Amino acid sequence: MSFSVFHHIGLRRLILLLAVMSALITLANSFYATYRVQRELLITNTLESNRVYASKLAAETQTFFENAQQQLAYSATLLAEDFNNRANLVQEADRLRLQTHSFNSVLVADAKGVVRATSPDTFQLIGQKLTTEGALAALKARVPLISQPYISAAENLIVMISSPIFDRSGRYLGFVGGSIYLKKTSILNTLLGQHYYRDGSYIYVTDGQRRMLYHKDNGRIGQTETNNLMVPHQGPTNGSQQMVNYVGEKMLAGFAVVPATGWEVVALRPTLETLKPLEGLMLNVLRHTLPMALLTILCVWLLARLIAQPLWLLARSANKMDANDISEDINKISSWYFEATQLKQAMLIGINLLQQKIGKLRFEAQTDPMTGLYNRRGLDTILKYWHTLHRDFAIVALDIDHFKRVNDTFGHDTGDTVIKFIAEQLRAGSRDSDILCRSGGEEFLVLLPETSQEMAEQIAERLRINTEAMASPAGNITISLGVSLWRAEKNGDFSIDQALKLADKALYRAKQEGRNRVVLAPGA
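Quick summary incoming for the structure in this document. Every value quoted in this text rests on a predicted model; they were computed, and no experiment measured them.

Regarding the overall build of the chain
Line of reasoning, step 1. Looking only at helices and strands, the chain features 12 helices and 18 strands.
Line of reasoning, step 2. Counting over 524 residues, the chain shows a buried share of 41%.
Line of reasoning, step 3. About 29300 Å² of surface is accessible on the chain, with carbon and sulfur atoms providing 55% of the total.

Topic: empty space enclosed by the protein
Line of reasoning, step 1. On inspection of all chains with the given rule, the structure shows 1 cavity of 30 Å³ or more.
Line of reasoning, step 2. As a volume, the largest cavity reaches approximately 30 Å³.
Line of reasoning, step 3. What lines the largest cavity is simply Tyr181, Leu182, Ser186, Leu188, Asn189, Leu213 and Tyr214.
Line of reasoning, step 4. For the lining of the largest cavity, the residue count by class is 5 nonpolar, 2 polar and no charged.

Re the pairing of strand β1 (residues 105-110)
Line of reasoning, step 1. Of all the 6 residues making up β1, 6 are buried; the element is thus mostly covered by neighbouring parts of the structure.
Line of reasoning, step 2. The side-chain alternation of β1 yields two buried faces, one formed by Ser105, Leu107 and Ala109 and the other by Val106, Val108 and Asp110.
Line of reasoning, step 3. In this sheet, strand β6 (residues 172-181) lies alongside β1 in antiparallel orientation, the contact comprising 6 bridges. Considered in β6, the bridge of valine 108 is made with valine 176.
Line of reasoning, step 4. The antiparallel pairing of β1 with strand β2 (residues 115-119) creates a hairpin that spans 4 residues between the two strands, and glycine 113 there sits at a positive phi of about 85°.

Focus: the pattern of salt bridges
Line of reasoning, step 1. For the structure on display, the rule yields 20 salt bridges.
Line of reasoning, step 2. Residue arginine 211 pairs with aspartate 207 through a salt bridge whose shortest N-O separation is 3.5 Å.
Line of reasoning, step 3. With a closest N to O distance of 2.9 Å, aspartate 401 and lysine 511 form a salt bridge. On the criterion of sequence distance, the pair formed by aspartate 401 in the loop between β12 (393-400) and α9 (403-410) and lysine 511 in helix α12 (residues 496-512) is long-range, its members being 110 residues apart. Like aspartate 401, the residue lysine 511 is buried in the burial classification.
Line of reasoning, step 4. Three or more residues joined by partner-sharing salt bridges are found here, namely Arg36, Arg39 and Glu40.

Observations regarding the nonpolar core
Line of reasoning, step 1. With 39 residues, the main nonpolar core has Phe65, Val108, Ile161, Ile165, Val176 and Trp263 as its most contacted residues.
Line of reasoning, step 2. Here the element with the most residues in this core is helix α1 (residues 11-81); it accounts for 11 residues.
Line of reasoning, step 3. In contact with isoleucine 161, not counting residues within four places along its chain, are Phe64, Phe65, Ala68, Gln69, Leu72, Phe103, Leu145, Ile146, Val176, Gly177, Gly178 and Ile180.
Line of reasoning, step 4. Phe403, Ala456, Leu481 and Leu485 belong to the second-largest nonpolar core, a separate cluster that totals 28 residues.

Digging into the sheet that holds strand β7 (residues 202-206)
Line of reasoning, step 1. Strand order in the open sheet made by the 5 strands is β8-β7-β11-β10-β9, with antiparallel pairing throughout. One side of each edge strand has no neighbouring strand; the edge strands of this open sheet are β8 (212-215) and β9 (238-244). Taking each pair of neighbouring strands and ignoring which way they run, the sheet shows an average axis angle of 25°.
Line of reasoning, step 2. In terms of strand pairing, β7 meets strand β11 (residues 263-270) through 5 bridges, oriented antiparallel. Along β11, the bridge assignment pairs valine 205 with valine 265.

Some details on the sheet that holds strand β17 (residues 479-486)
Two orientations exist for strands paired in a sheet by backbone hydrogen bonds: parallel and antiparallel.
Line of reasoning, step 1. As summarised here, the arrangement of the 5 strands in space is β13-β14-β12-β17-β18, forming an open sheet in which the pairing is mixed. Each edge of the open sheet is held by one strand with a lone partner, namely β13 (435-440) and β18 (518-520). For this sheet the average axis-to-axis angle between neighbouring strands, irrespective of direction, equals 20°.
Line of reasoning, step 2. Sheet topology note: the β13/strand β14 (residues 443-449) ladder contains 5 bridges and is antiparallel. What sits directly across from glycine 440, in β14, is glutamate 443.
Line of reasoning, step 3. Lying on the sheet, helix α8 (residues 376-389) is in contact with β12, β13, β14 and β17; it crosses β13 at an angle near 135°.

Thoughts on the packing of α9 against helix α10 (residues 412-428)
Line of reasoning, step 1. Contact pair α9 / α10: the axes reach a minimum separation of 7 Å and the direction vectors enclose 140°. Comparing the axis directions of α9 and α10 gives the class oblique. Side by side, α9 and α10 meet where Phe403, Val406, Asn407 and Phe410 of the first sit next to His412, Thr414, Gly415, Val418 and Ile419 of the second.
Line of reasoning, step 2. Among the residues forming the contact of α9 with α10, the class breakdown is 5 nonpolar, 4 polar and no charged.

Calculation criteria
- Residues numbered from 1 in each chain as written.
- Predicted model: local features only at pLDDT ≥ 70, side-chain atom pairs only at ≥ 80, totals over all residues.
- Heavy atoms only, no water.
- Helix = DSSP H or I, 4+ residues; strand = E, 2+ residues; numbered from the N terminus.
- Buried < 20%, exposed > 50% of the residue type's maximum accessible area, 1.4 Å probe, protein only.
- Areas by Shrake-Rupley, 256 points an atom, 1.4 Å probe, with all protein chains shown as cover.
- 1 Å grid on protein atoms, 1.4 Å probe; cavity = no way out; pocket = protein on both sides within 12 Å on 5 of 7 lines; lining within 4 Å.
- Points joined across faces, edges and corners; volume = space filled by probe spheres on them.
- Nonpolar A, V, L, I, M, F, W, Y, C, P; charged D, E, K, R; others polar.
- Pairing = 2+ DSSP bridges.
- Salt bridge = Lys/Arg side-chain N within 4 Å of Asp/Glu carboxyl O.
- Core = buried A, V, L, I, M, F, W, Y, C linked by side-chain atoms within 4.5 Å.
- Contact = heavy atoms within 4.5 Å.
- Axes fitted to C-alpha atoms, helices over the stretch in contact; angles between N-to-C directions.
- Parallel < 35°, antiparallel > 145°, perpendicular 65-115°, else oblique.

Here's what the structure looks like:
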């Protein structure tokens, strides 16, 4: 390409062009940085707000359960005084149900599980023996209890709160229990259902098995939650994270656990709704920034006219530089005034960036373009370096089972996607110090520095289990893995190539023995 068209352009115009481009790039970078900072701030604040809100609801729910248990414990004391008086039992059951509206229904059962009183007596259960999960659990426990959600005889999804009844001698008489209907109007609906917002925010509640106990969509109650929210079973009882809800919408979730029941209260807000104010904010930033940018360009144009002549001399000297040692030549230029010094520094910075780009190109030559993992050339470089350091390591060779069938069934594009999927599994299951390599086709190698046989086998087994459990673009797939070791003290008798071959042989044995397994190389 000829640059003769620029021969008649003055240095002043070139400086002006460079300054304008620099100003525009700086403006774009500042605009983008502002956008990213404000976006993260909105998301962080919303996540924290939802966490606090979920914690508040969880605390209120905990308080409700504590109050409900206290009511039942007091009633149990009253009922124990005259347990054989049916009218007294019915009256107390009605009082519990009607006084505070804490329960949808109340029942009193004796030690054999026979119903002595109910309120309301809609299903005429008096005299019948209870067989529901909540009643059996209360009879067996004989302590204050909050049952797991279960389906009642009337096909209601309920939770029972119960308190045992003992006479003055300590003899167990039975229990009094209050039921809360999860799919009908109840105290939990009142407690949780009045907190909707117009921005699409909502809450839901699940039990320890992630079964839905409360949701704005009543049809979801009783179903198992399938989103990607990860509530820890140990450690903090509240937190926040980004997730995708059951209809595929990105959400910002805060969660908290109710200590009395292990229920998880989750408050959500759509990510799109959270980021809506960002558009107006960025327009305001642009409106305030643009005039200053235009003024800056005007000032640069005026300054360019003043500095053109001396800088032209520096430019003529720069045009005679030898490309092989350009940095040395530029350093020899006498920068006798400030502007010349700045230009020289800018040129040196540009050369440094070019050298960084060359280094990046060298890195790309050692990586697999599809997966971003090391290719065989990059692997060889690492192996030579580790060999020099006498570094011990384990080798895991793995292969995608029936990969030809994936290509034949879904096509090569899907096959490539599956290879990328496996690469992501390797990244997710590896340590920062591990070396990941795509050695060819559907074959991969993982080098585990300073790793024992047992640890290497555990890591390989975890990779196998995680891959089998995760759904790939071609459905559930499996991998076979072979493990070998290389130890520096055996350097004279056992080469790295032999260790690699042993890992390949172990992989071949895993294939022969039925695939989807980890096989250790002999002597590993």
